[in-house]
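# Summary of structural features
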Amino acid sequence: MRIRVPGDKSITQRALVFAALAEGESRLSGLLRAGDAASTATALRLLGAELGPLPRDGGDLKVPGLGLDGLSMPSVPLDLGNSGTGSRLLLGVLAGLPLTAEISGDESLRGRPMGRVTEPLSRMGARFEFLQEPNRLPLRVTGTHPLSPLEWESPVPSAQVKSALLLAGLTGGASVVLSEPRQSRDHTERMMELAGVTVVRHAVGQGWRIVVEDPPRRLEPLDFAVPGDPSSAAFLLALAALGGAGDGIEIEGVGLNPTRTAYLELFRRMGAGVESSVTGSEGAGEPSGTLVGTASSLKGVTVTPDEVPGVIDELPLIAVLAARAEGETTIRGAQELRHKESDRITTVVRNLRALGAEAEELADGLVIQGSDRPLAGKVITRGDHRIAMAFGVLGAVGGNRIGIDDPDAVEVSFPGFWDLLRAVRKDAAR
Ligand code: S3P
């Protein structure tokens with residue numbers, strides 16, 4: 001069966017921010033129309049951005065940019081809902097503007113660490129007041145202009161941290177030199193280049209260094225098509241690998257940025273039949289193409305700490321596939337999973353066990369024993385979209401009977417997920 005998946009969550013939110021800050025009209029298409037993107041769009045509107053409703057079915061959105069200094073003080077707190085990306089991007093944007101704003105989010109987002117962003121932004125000159133708990137939302141940010149230049153070694157490979165600092169450099173008119181211990185996804189750097197910013201980046205040992213010196217005072221508008229989200233496509237490829245898509249599945253128009261596709265290699269190592277071909281650059285600057293997945297017998301793998309940043313969002317799915325693979329799977333160096341929409345180490349292990357699979361929690365990862373005995377029970381998603389979808393895939397294949405407590409959790413990144421899953425299953429049964 002040939003399908004498409006919704007627009008990329010990371011790229012959509014960046015495109016909205018860059019379009020709002022550009023000088024002139026941007027034209028965006030393929031935007032994700034889902035909870036996280038809606039939260040970021042609403043926050044930008046409260047800051048004065050002229051953003052129309054996110055179009056259905058990937059249609060065009062024209063955004064008249066306000067320029068790097070065009071946003072205004074919001075009269076109400078900005079509620080970023082479940083969006084870690086939206087909250088951290090906007091903290092960066094606001095740090096470099098002479099405004100005060102309150103930022104909050106849902107229960108999950110209020111539990112996630114913000115100090116990793118607010119600490120370097122404070123060094124640049126922004127001020128943060130934590131309104132409930134230290135280093136957590138809700139907080140009040142008071143930006144300033146210009147910001148001081150920053151040299152920063154991020155202790156975690158985090159694209160959200162990196163993006164917040166680069167955006168602060170743009171609105172705050174400050175040079176930024178930053179390094180991360182491994183390269184995280186590079187959508188912000190690519191979009192900065194499209195907007196006319198010179199970004200120097202290169203590998204340093206195992207790590208990665210980015211330099212933006214004397215950023216320009218204006219951003220070029222974007223003419224940009226957001227590709228499908230490879231992290232969403234992963235769930236359908238997993239379904240195919242587990243035999244739930246009959247002869248296989250073909251997913252078109254998916255983003256194939258190499259900082260996002262390391263999971264394909266891991267799937268292959270597990271024995272999954274997956275192929276990718278770059279067919280074009282559906283938004284100049286972001287490669288895209290087709291993914292094909294077929295049924296396969298799977299075997300356990302070892303995921304090393306070096307590999308984790310490249311597959312961070314797919315690890316819950318890999319753990320779930322591992323429960324259906326032959327042998328043991330070990331994932332180490334993945335403590336960042338504890339800071340996602342839920343503590344994904346605990347959530348995955350508890351749910352696998354509740355279904356009758358063998359899994360063990362480590363401080364920095366997990367160990368799963370594969371088996372082919374039927375799995376049954378109720379999954380507690382903790383409101384985490386990727387937990388709902390990973391176990392949804394497991395529940396859709398032969399012999400398993402799995403209920404999901406909060407199927408609507410998928411709405412933040414993949415509306416229509418359950419309908420698509422059903423359609424693929426139905427097609428496979430024909
Ligand atoms: C994202 C970065 C990653 C990823 C998240 C989206 C982004 O988070 O897990 O789903 O859009 O920059 P971290 O930056 O916390 O690693």
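Read on for an overview of the structure. In this text, all values refer to a predicted model and were calculated from it rather than measured experimentally.

## A look at helix H14 (residues 417-429)
Here H14 contains 13 residues, and its C-alpha end-to-end distance of 18 Å stays within 8% of the 18 Å for a straight helix at 1.5 Å per residue. Within the span of H14, buried status applies to Phe417, Trp418, Leu420, Leu421 and Val424. End-on view of H14: buried residues confined to an arc of 165°, all on one side of the axis. Turned more than 90 degrees away from the buried face of H14 sit Asp419, Arg422, Lys426 and Ala429, all of them exposed. For H14, the elements touching its buried residues are strand E1 (2-4), helix H8 (230-241), strand E13 (249-255), helix H13 (385-395) and strand E21 (401-404).

## Regarding the nonpolar core
Counting residues in hydrophobic clusters, the biggest one holds 73 residues, and the most contacted among them are Leu236, Ile251, Phe267 and Leu315. The element contributing the most residues to this core is H8, with 9 residues. Counting residues in hydrophobic clusters, the runner-up holds 72 residues, among them Ala20, Leu47, Phe128 and Ala174.

## Re the sheet that holds strand E16 (residues 302-303)
Spatially, E16-E17-E19-E18 is the arrangement adopted by the 4 strands of the open sheet, whose pairing is mixed. The sheet terminates laterally at E16 and strand E18 (358-362), the two strands that pair on one side only. Inspection of the sheet shows strand E17 (residues 328-331) paired to strand E19 (residues 365-369) by 4 bridges, in the antiparallel sense. Its bridge partner lying in E19, threonine 329 is registered against isoleucine 368. Contacts from helix H11 (residues 315-322) reach E16, E17 and E19 within the one sheet, and its direction differs from that of E19 by about 25°. Of the strands in this sheet, E18 and E19 are in contact with helix H12 (residues 344-354), which crosses E18 at around 160°.

## Brief notes about the packing of aromatic side chains
A full pass over the atoms with the stated rule returns 4 aromatic pairs. Pairing phenylalanine 235 with phenylalanine 417 gives two aromatic rings, centres 6.1 Å apart and planes at 75°, and the pair type is edge-to-face. Residue phenylalanine 235 is located in helix H8, and its partner phenylalanine 417 is located in helix H14; the two are separated by 182 residues in the primary sequence. On the basis of relative accessibility, which here comes to 2%, the residue phenylalanine 235 falls in the buried class. With a centroid separation of 5.2 Å and 70° between ring planes, the pair formed by tyrosine 263 and phenylalanine 267 is classed as edge-to-face. Within this pair, tyrosine 263 and its partner phenylalanine 267 are both found in helix H9 (residues 262-269), separated by 4 residues, close to a single helical turn. Taken together, the ring pairs in this structure connect Phe235, Phe414, Phe417 and Trp418 into an aromatic cluster.

## Considering the site of the ligand
Near the ligand lie 13 residues; those nearest to it are Ser10, Arg14, Ser158, Asp313 and Lys340. Between the ligand and the protein, one listed contact pairs an oxygen atom with a side-chain N or O atom of serine 158 at 2.6 Å. In this structure, lysine 340 approaches the ligand through a side-chain N or O atom, which is 2.7 Å from an oxygen atom. Contact with the protein chains removes 95% of the 380 Å² of surface that the ligand exposes when unbound. Of all elements in the fold, only helix H1 (9-21) and helix H6 (159-171) reach the threshold of two or more residues within the shell around the ligand. Broken down by element, the shell around the ligand gets its largest block of residues, 3 residues, from H1. Taken together, the residues of the shell around the ligand sort by class into 3 nonpolar, 4 polar and 6 charged.

## A look at the packing of H1 against helix H2 (residues 35-46)
With their axes 9 Å apart at the nearest point, H1 and H2 run at an angle of 15° to one another. Considering the angle they form, H1 stands roughly parallel to H2. Crossing of H1 against H2: the hand is right-handed. Mapping the contact onto sequence places Lys9, Thr12, Gln13, Leu16, Val17 and Ala20 in H1 and Asp36, Ala37, Thr40, Ala41 and Leu44 in H2. Along the lines of polarity and charge, the residues of the contact of H1 with H2 split into 6 nonpolar, 3 polar and 2 charged.

## Considering H6
Here H6 contains 13 residues, and its C-alpha end-to-end distance of 18 Å stays within 8% of the 18 Å for a straight helix at 1.5 Å per residue. Counting buried residues in H6 gives 13 out of 13 residues, a clear majority hidden from the surface. Two to three positions downstream of the cap, the backbone nitrogen of glutamine 160 sits 3.3 Å from a side-chain oxygen, assigning the N-cap of H6 to serine 158. Positioned one or two residues after H6, glycine 173 has a phi angle of 60°, which is positive.

## Section: the pairing of E19
Side chains on a regular strand alternate between the two faces of the sheet. Among the 5 residues in E19, 4 count as buried, and that is most of the element. With 5 bridges connecting them, E18 and E19 associate as antiparallel partners. Bridging from a neighbouring strand, glutamate 360 pairs with valine 367 of E19. Counted between consecutive antiparallel strands, the loop separating E18 from E19 contains 2 residues.

## Thoughts on the pairing of strand E9 (residues 176-180)
Burial analysis of E9 places 4 of its 5 residues in the buried class, the great majority of the element. For the crossover from strand E8 (residues 150-153) across H6 to E9, the handedness is right-handed. Sheet topology places E9 next to strand E11 (residues 207-212); 5 bridges connect them, and they run antiparallel. Looking at E11, one finds that glutamate 180 is bridged to tryptophan 208.

Reading the values: rules and limits
Residues numbered from 1 in each chain as written. Predicted model: local features only at pLDDT ≥ 70, side-chain atom pairs only at ≥ 80, totals over all residues. Heavy atoms only, no water. Helix = DSSP H or I, 4+ residues; strand = E, 2+ residues; numbered from the N terminus. Expected span 1.5 Å × (residues − 1). Buried < 20%, exposed > 50% of the residue type's maximum accessible area, 1.4 Å probe, protein only. Arc of directions from axis to C-beta. Contact = heavy atoms within 4.5 Å. Core = buried A, V, L, I, M, F, W, Y, C linked by side-chain atoms within 4.5 Å. Pairing = 2+ DSSP bridges. Axes fitted to C-alpha atoms, helices over the stretch in contact; angles between N-to-C directions. Phe/Tyr/Trp six-rings, centres within 6.5 Å; stacked < 30°, edge-to-face > 60°. Near = heavy atom within 4 Å. Polar contact = N/O pair within 3.5 Å; in protein donor to acceptor, adjacent residues only side chain to side chain. Areas by Shrake-Rupley, 256 points an atom, 1.4 Å probe, with all protein chains shown as cover. Nonpolar A, V, L, I, M, F, W, Y, C, P; charged D, E, K, R; others polar. Parallel < 35°, antiparallel > 145°, perpendicular 65-115°, else oblique. Left-handed = near helix turned anticlockwise from the far one by under 90°. Right-handed = clockwise from strand over helix to strand, strands pointing away.

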